[in-house]
Amino acid sequence: DTVSDRMSQMNKNMDKMTVLANQLVTAVQLNHGSAADMNVVNQMARENLIFIQDLINQQYDGLYLFAGSDSVTPPFLDNSVLNSNFQNQISAWLGGALTNAQLTAATEAFSTTNLGLSPGLAAAGAVSARIDHNLDVDYTIKADQAGFKDIINALTFAANLTYPDPLADAATVAQFNDILQHITTVATRGIGEMNDTNLQLASKFNLVKTIREKHISDEALFGAQIDKIEIVDPTNAIASMQALQTQLTAAYQVTKIVSEMSLVNFM
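The model shown is predicted, which means the values in this text are computed figures rather than measured ones.

**Focus on the nonpolar core**
By size, the foremost hydrophobic cluster in this structure holds 60 residues, and its most contacted members are Leu 24, Phe 66, Trp 93, Phe 148, Leu 161 and Ile 183. Apart from residues no more than four positions distant in its own chain, Leu 161 is found in contact with Met 38, Asn 42, Ile 90, Trp 93, Phe 176, Ile 179, Leu 180 and Ile 183.

In structure tokens:
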């Protein structure tokens, strides 16, 4: 039951993350022609990023779901570091210090800690549970897996990207549009990776559910067998005991008579 509940919560959280990432893709496609449009995307991306950070740090019974064996440490740690890293790269790009290729390469190369995630995730081990005799199920999903990192990357990029000012910035609108396309590509890739991870979890969840149903069936069968032995009809029990008492009484009387017999009785 415990493992089923944990896996179900993980599944729901990952489903929500893909929904939030899809909202970003749609927002970018609909709003990209002006600074005002980009402000809409910025705001939505910031809100969805905060929501995803909360989902990543979801707990069950006081343990973090996406932290692996390091389940007492929150997998997402530092929002300020995450945003600062993107802001620095975007500022350099706007000023002409970075090309589009350099900007995307730099953000793609961000490490787990650069993305605000716990450095302990890399060393965290697997999480498994024994659900039957000699049957363990590994349901480990860690926040440093590709789907999580790509969705965080895309949302943070979109949250901090600003529309170029032709009077102050070296970056052009054409470059800006190419960066937006890169963001949607990363988000779409993250959605696919998250769906793959969720599909693997669903397969394991079905196994746990099957074993759980088997346990319930076995429990009912064994319970019925025990009840058949231990629970009897009082009326039948009394009748059986009375019949046994009659047999015992007759046997004792015969024994008494036989014990008192001697040759004197026949003389």
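**Side note on the pairing of strand 3 (residues 128–132)**
Sheet topology note: the strand 3/strand 4 (residues 135–138) ladder contains four bridges and is antiparallel. Across the sheet, residue Arg 130 finds its bridge partner in strand 4, namely Asp 136.

**With respect to the pattern of salt bridges**
Tallied over the entire structure, the rule returns three salt bridges. Residue Arg 189 is joined to Glu 108 by a salt bridge in which the shortest nitrogen-to-oxygen separation is 3.1 Å. With Arg 189 in helix 6 (residues 173–230) and Glu 108 in helix 4 (residues 100–108), the pair connects residues that are 81 residues apart, well separated along the chain. When its relative accessible area of 33% is taken as the criterion, Arg 189 is described as partly exposed. Owing to a relative accessible area of 35%, Glu 108 belongs among the partly exposed residues under this scheme. Among the ionic pairs, Asp 150 bridges to Arg 189, the shortest N-O distance being 2.9 Å. With Asp 150 in helix 5 (residues 146–160) and Arg 189 in helix 6, this pair connects stretches of sequence that are 39 residues apart. By relative accessible area, Asp 150 is classed as buried at 9%. Members of the salt-bridge network, linked through shared partners, are Glu 108, Asp 150 and Arg 189.

Analysis parameters
Along every chain, residues carry numbers that run from 1 in the direction the sequence is written. Only residues with pLDDT of 70 or above have their local features reported here, since the model is predicted, and side-chain atom pairs are shown and tallied only from 80 upward, although totals for entire chains, interfaces and linings are computed over all residues. Excluded from the side-chain calculation are hydrogens and water; included are all heavy atoms of the structure. Definition used in this section: a nonpolar core is a set of buried Ala, Val, Leu, Ile, Met, Phe, Trp, Tyr and Cys residues joined via side-chain atoms within 4.5 Å. Categorising residues by exposure relies on relative accessible area from a 1.4 Å probe, with only protein chains included: less than 20% of the type maximum marks a residue as buried, more than 50% marks it as exposed, and the intermediate range marks it as partly exposed. Contact between two residues is taken to exist if any of their heavy atoms lie within 4.5 Å; hydrogens are not considered. Strand pairing is assigned whenever DSSP identifies at least 2 bridges connecting the two strands. A run of H or I in DSSP counts as a helix once it spans at least four residues, and a run of E counts as a strand once it spans at least two, with each numbered from the N terminus. By definition, a salt bridge exists where a carboxyl oxygen of Asp or Glu is found within 4 Å of a side-chain nitrogen of Lys or Arg.

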